[in-house]
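Structural features, examined
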Amino acid sequence: MPKISVIYITKNKYGIDILKDNLERQTLQDYEVILGDELNRKVIGWKCFKPKPPKKGCVWNLNSAYNEAIDIISGRLTIFLQDYIWIPNDAFKRMWHWYTIYKENAAFCTGGSS
């Protein structure tokens, strides 16, 4: 079981390149990636799926795609990353640190620049 599950939902052509760079630079490498991709790309070693089509009248099915991704995580801490977001090299390490301290009371954590 990995420490961290990273959920990444996208339909953008180039966002995965930024995600790959973010992942390669992480000092904590104990993670899995769940990719919900409207373009149905597959990445070796990642859990990939194509999100269900949006419901009638909806432009995008982001909430539904997140629910699909949550159903297949296996990590103890789940991190949601968005398209075209850069994270520092130690982001996972810091998030894991705070998770281990507050895991009994934490339901949601977010990151920002500091």
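Residues numbered from 1 in each chain as written. Predicted model: local features only at pLDDT ≥ 70, side-chain atom pairs only at ≥ 80, totals over all residues. Heavy atoms only, no water.

1. Focus on helix H3 (residues 91-102)
Here H3 spans 17 Å end to end across 12 residues, near enough to the 16 Å set by a 1.5 Å rise per residue. Taken together, the buried positions of H3 are occupied by Ala91, Phe92, Trp96 and Tyr99. Along H3, the residues classed as buried sweep out an arc of 125° about the axis, all on the same side. Tucked into the core, H3 has its buried residues touching strand E1 (4-10), helix H1 (15-25), strand E2 (31-37) and strand E4 (77-81). (Helix = DSSP H or I, 4+ residues; strand = E, 2+ residues; numbered from the N terminus. Expected span 1.5 Å × (residues − 1). Buried < 20%, exposed > 50% of the residue type's maximum accessible area, 1.4 Å probe, protein only. Arc of directions from axis to C-beta. Contact = heavy atoms within 4.5 Å.)

2. Side note on the pairing of E1
Of all seven residues making up E1, seven are buried, and the element is well covered by its neighbours. Side chains of E1 alternate between two faces, with Ile4, Val6, Tyr8 and Thr10 and Ser5, Ile7 and Ile9 buried alike. Relative to E2, E1 runs parallel, the two being bridged by seven bridges. Looking across to E2, one finds that Ile9 is bridged to Gly36. Once you follow E1 into H1 and on to E2, the crossover reads as right-handed. As defined by bridge partners, E1 adjoins E4 across five bridges and the pair is classed as parallel. Residue Ile4 lies in a different strand from E4, and its bridge partner there is Leu77. (Pairing = 2+ DSSP bridges. Right-handed = clockwise from strand over helix to strand, strands pointing away.)

3. What about a nonpolar patch on the surface?
Judged by side-chain polarity, Trp98, Ile101 and Tyr102 come together as a nonpolar surface patch covering roughly 330 Å² of accessible area. Mapped onto the fold, Trp98 is located in helix H3. (Patch = residues over 30% accessible without salt bridge, like charges linked within 9 Å, V, L, I, M, F, W, Y side chains within 5 Å. Areas by Shrake-Rupley, 256 points an atom, 1.4 Å probe, with all protein chains shown as cover. Salt bridge = Lys/Arg side-chain N within 4 Å of Asp/Glu carboxyl O.)

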